[in-house]
Amino acid sequence: MVCSIHIPKCGGTSFRHSLFNEYNGSLFTEYGTPREQRQNKKKIKRSHRCIHGHIVYRAYKDILDYSKKITFMRDPVFRTISLYHDIKSHKRPGELSKFVYKNNPSIDEFAEHPLAINYGLQCIGHYNPDQFSFIGILEQYEKSIKVCSHKLRWSKKAKIIHVNEGVRESSFGKKIYN
């Protein structure tokens, strides 16, 4: 079993399309709340070869501990800025979103919130990077997809698909890809 942990704002939506190309009907996607995930896990069948989504460690611990874990990471500054703008422009669940909706923080205040600090690392649960079979880098997306395909011995040629990509100028003068 492959467990693909989708860290928000790190290319997981695009990566899901590549996973679907390889695993098709044997891909199980998970985007439920922690409570929903405990129930959703019961829907996984023996025919599922890959789980992908915002997987909550507590809900999937028994599967995660014995699976090939993969994920994509991103420059943490750009990921934080992208997450901030995403939460401000879309209704999202979670404590960090509630903080944004209630307080309308500046980007600096958002970045200093305890839930925003090291957010990407919080998403991978209790695992160290060396416990992952593959960690892709969003800024090297195409190369990362090819490496992932090779490492996991995909039977099909990896499809490079870009979804949910936006460009915004940052205050640093660099383009940020959402």
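Calculation criteria
Residues numbered from 1 in each chain as written. Predicted model: local features only at pLDDT ≥ 70, side-chain atom pairs only at ≥ 80, totals over all residues. Heavy atoms only, no water. Helix = DSSP H or I, 4+ residues; strand = E, 2+ residues; numbered from the N terminus. Rg over C-alpha atoms; globule rule 2.2 N^0.38 Å. Buried < 20%, exposed > 50% of the residue type's maximum accessible area, 1.4 Å probe, protein only. Contact = heavy atoms within 4.5 Å. Areas by Shrake-Rupley, 256 points an atom, 1.4 Å probe, with all protein chains shown as cover. 1 Å grid on protein atoms, 1.4 Å probe; cavity = no way out; pocket = protein on both sides within 12 Å on 5 of 7 lines; lining within 4 Å. Points joined across faces, edges and corners; volume = space filled by probe spheres on them. Nonpolar A, V, L, I, M, F, W, Y, C, P; charged D, E, K, R; others polar. Salt bridge = Lys/Arg side-chain N within 4 Å of Asp/Glu carboxyl O. Expected span 1.5 Å × (residues − 1).

Moving on, we get to the overall build of the protein. Looking only at helices and strands, one finds eight helices and seven strands in the protein. Compactness check: the protein gives a C-alpha radius of gyration of 16 Å against a globular reference of 16 Å for 178 residues, within 12% of the reference. Projected onto its principal axes, the C-alpha coordinates of the protein cover approximately 45 × 35 × 30 Å. Here the protein holds 178 residues, and the buried ones make up 46% of them. Put simply, of all contacts in the protein between residues at least 6 apart along the chain, 59% involve residues at least 24 apart. Of the accessible surface of the protein, which amounts to about 10500 Å², a share of 51% is contributed by carbon and sulfur atoms.

Let us now look at empty space enclosed by the protein. What the rule picks out here adds up to one cavity of 30 Å³ or more. Forming the boundary of the largest cavity are Ser4, Ile5, His6, Ile7, Cys10, Gly12, Phe15, His52, Thr71 and Phe72. For the lining of the largest cavity, the secondary-structure elements that each account for two or more residues are strand 1 (2–5), helix 1 (12–23) and strand 4 (68–73). Split into classes, the residues belonging to the lining of the largest cavity amount to five nonpolar, five polar and no charged.

Along the chain, the position of serine 144 falls in helix 8 (residues 141–151). Beyond its immediate chain neighbours, meaning those up to four positions away, serine 144 contacts Phe72, Phe134, Gly136 and Ile137.

Enumeration according to the criterion identifies five salt bridges in this entry. Salt-bridge contacts for lysine 41 lead to aspartate 62; the nearest nitrogen and oxygen are separated by 2.8 Å. Of the two residues, lysine 41 sits in the loop between helix 2 (34–40) and strand 3 (50–53) while aspartate 62 sits in helix 3 (residues 57–64), which places them 21 residues apart along the sequence. Assessed through its relative accessible area of 22%, lysine 41 is described here as partly exposed.

Before going further, it helps to examine helix 1. Since there are 3.6 residues in each turn of an α-helix, residues three or four apart along the chain are aligned in direction. Taking 1.5 Å of rise per residue, 12 residues should cover 16 Å, and helix 1 covers 15 Å from first to last C-alpha, within 8% of that figure. For helix 1, a buried count of nine out of 12 residues is recorded, marking the element as mostly surrounded by other parts of the structure. Among all positions of helix 1, only Gly12, Thr13, Ser14, Phe15, Ser18, Leu19, Asn21, Glu22 and Tyr23 are buried. Among the structural elements, strand 1, strand 2 (27–30), strand 3, strand 4 and helix 8 are those in contact with the buried residues of helix 1. Following helix 1 by one or two positions, asparagine 24 adopts a phi angle in the positive range, close to 45°.

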